Amino acid sequence: MTSPKRVLSCIQPTGNLHLGRYFGAIQNWVGLQEKYECLYGIVDLHAMTMPYDPKKLTAATWELAFNLVACGLKPENIFIQSLIPEHIELSWIFNCMTGFGELGKMTQFKDKSRQVQEKGSDAQITSGLYTYPVLQAADILIYRADYVPVGKDQEQHLELTRNIAGRFNHRTGKPYFVLPEPLFTEIPKVMSTADPTRKMSASLGEKHNINLFASPEKIVKQIRSAVTDTGDTNGLMSPGVENLFSLLKAAGAEDDHAAFMQHFENGTLRYGDLKQAVSEAIVSMTEPFRDRKAEILADKKAMKAQIRSSTQRIRSLAQETVREVKEMMGLLNVRQA
Ligand code: TRP
């Protein structure tokens, strides 16, 4: 029997866990658990690459872990990156096999350095930000992952990961690392409810994104104030209305979606009714998440212990890889003659 293929993906404990991130990644991760062996990392070391507050990071890491479990990720599939220092060891080794120019080409580095500059005078563009994709390569290769579900924005980082793996294999003359493949899935595009021409994102600010764990009242309020149009669109669908339709479908209300689409075509669509249906769909989709979250929060200690122990189990996989890699690279291991 061949063992199931391994899937790996990671998420940073930064920003608000909003509907865009849920539909864009987490929902898909939950489903993949049925078919593959899955490892999902909360990458707090990556969160250090942008200006951040150390006093808030620990809480953000746990909060994200709880939220992910509440959404349906199995605690045994979750690990916390900083508890597995082997990621850092492997990333150093990979840093010594990666060209300076290769990293300079990364579009995310360019975007994020611009963001740092815009933040103000004492913020620095760090070498951590520059070598971030190398740490990402280590996250993936350390577990010999076959598939990496990522968004298009991560395609370049995955290509670098494959290059590093190929280079390592070539250097050592062994097909040691699996060349991981991206898993791109069809995902609903969710736009900001305040500016539907821009993607829903935490960095735009609170009124632009809907927190996955917002109260039903808050959800209703936010959808009610979502931007639509003033009606003078000549029968074309405005970005705001299109976004409401996307949200309706993404939240699973297929029948409502079809019915309202019919109204749109007949020119009888009332935005108020559409909005009500959208908020109802989101409230009911997120209800089990809120319930499960409350259960987790009632015994946080137990959940933390569970995730720490799954991290330890996952760490042993990383340790094996690093031991072998160090040997191949001429480095010493502690327990070795
Ligand atoms: N760079 C990814 C992001 O910003 C997060 C990430 C870190 C990641 N390591 C990874 C994603 C490994 C997939 C695999 O979204």
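This structure is a prediction, so every number in the text was calculated from the model and none was measured.

All told, the structure shown has 12 aromatic pairs when counted by the stated rule. Ring centres 4.7 Å apart and planes at 0° place the aromatic pair Trp29 and Tyr40 in the stacked group. Residue Trp29 is found in helix H1 (residues 19-32), and its partner Tyr40 is found in strand E2 (residues 37-42); the two are separated by 11 residues along the sequence. By way of ring pairs, the aromatic residues Phe94, Phe168, Tyr176 and Phe177 are connected into one cluster. Sitting over the face of the ring of Phe213, Lys293 holds its NZ or CZ atom 4.7 Å from the ring centroid.

Within the fold, Ala65 resides in helix H3 (residues 54-71). For Ala65, a relative accessible area of 0% translates into the label buried. Separated by 269 residues in sequence, Ala65 and Val334 have C-alpha atoms that sit 32 Å apart. Setting aside anything within four residues of it in sequence, one finds Ala65 in contact with Ile42, Ile78 and Ile307.

It is worth spelling out a negative patch on the surface at this point. Taken together, the side chains of Glu254, Asp255, Asp256 and Glu280 make up a negatively charged region of the molecular surface. In this fold, Asp256 is placed in helix H11 (residues 254-266). By relative accessible area, Asp256 is classed as partly exposed at 34%.

As for its placement among the helices and strands, Gln154 is situated in the loop between strand E4 (147-149) and helix H8 (155-172). Classification of Gln154 as buried rests on a relative accessible area of 12%. Between the C-alpha atoms of Gln154 and Gln108, which are 46 residues apart in sequence, the distance is 8.3 Å. Setting aside residues up to four positions removed in sequence, Gln154 forms contacts with Gln108 and Gln136.

On to the pairing of E2, then. Across the 6 residues of E2, 5 count as buried, placing the element largely inside the fold. For strand E1 (residues 6-11) and E2, the ladder comprises 6 bridges, and the chain directions are parallel. For Arg6, the partnering residue across the bridge sits in E2 and is Glu37.

Summed over all chains, the structure comprises 12 salt bridges. Among the ionic pairs, Glu37 bridges to Arg6, the shortest N-O distance being 3.2 Å. Here the residue Glu37 occupies a position in strand E2, and Arg6 occupies one in strand E1, the gap between them amounting to 31 residues. By relative accessible area, which is 17% here, Arg6 ends up buried. Two residues, Glu324 and Arg144, come together in a salt bridge whose shortest N-O distance is 3.4 Å. Placement of the pair is Glu324 in helix H13 (residues 300-328) and Arg144 in the loop between helix H7 (127-141) and E4, with a sequence separation of 180 residues. Looking at Glu324, the relative accessible area reads 26%, which means it is partly exposed. Take Arg144: its relative accessible area is 23%, and that puts it in the partly exposed class.

Moving on, we get to the domain arrangement of the protein chain. By domain assignment, the protein chain separates into domain 1 (6-187 + 300-328) and domain 2 (202-295). Summarising the inter-unit geometry, the C-alpha centres of domain 1 and domain 2 are found 32 Å apart. With 15 residues of domain 1 at the interface, the matching set in domain 2 holds 14 residues. A salt bridge links Lys293 to Glu63; the shortest N-O distance between them is 2.9 Å. Of all the secondary-structure elements, those providing two or more residues to the side of domain 1 that touches domain 2 are H1 and H3. With 6 residues, H3 is the single largest residue contributor to the side of domain 1 that touches domain 2. Looking at the side of domain 1 that touches domain 2, its residues break down into 9 nonpolar, 5 polar and 1 charged.

What counts, and where the lines are drawn
Residues numbered from 1 in each chain as written. Predicted model: local features only at pLDDT ≥ 70, side-chain atom pairs only at ≥ 80, totals over all residues. Heavy atoms only, no water. Phe/Tyr/Trp six-rings, centres within 6.5 Å; stacked < 30°, edge-to-face > 60°. Helix = DSSP H or I, 4+ residues; strand = E, 2+ residues; numbered from the N terminus. Lys NZ or Arg CZ within 6 Å of the ring centre and 35° of its normal. Buried < 20%, exposed > 50% of the residue type's maximum accessible area, 1.4 Å probe, protein only. Contact = heavy atoms within 4.5 Å. Patch = residues over 30% accessible without salt bridge, like charges linked within 9 Å, V, L, I, M, F, W, Y side chains within 5 Å. Areas by Shrake-Rupley, 256 points an atom, 1.4 Å probe, with all protein chains shown as cover. Salt bridge = Lys/Arg side-chain N within 4 Å of Asp/Glu carboxyl O. Lys, Arg positive; Asp, Glu negative; His and termini not counted. Charge placed at Lys NZ, Arg CZ, Asp CG, Glu CD. Pairing = 2+ DSSP bridges. Domains from an automatic or database assignment. Nonpolar A, V, L, I, M, F, W, Y, C, P; charged D, E, K, R; others polar.

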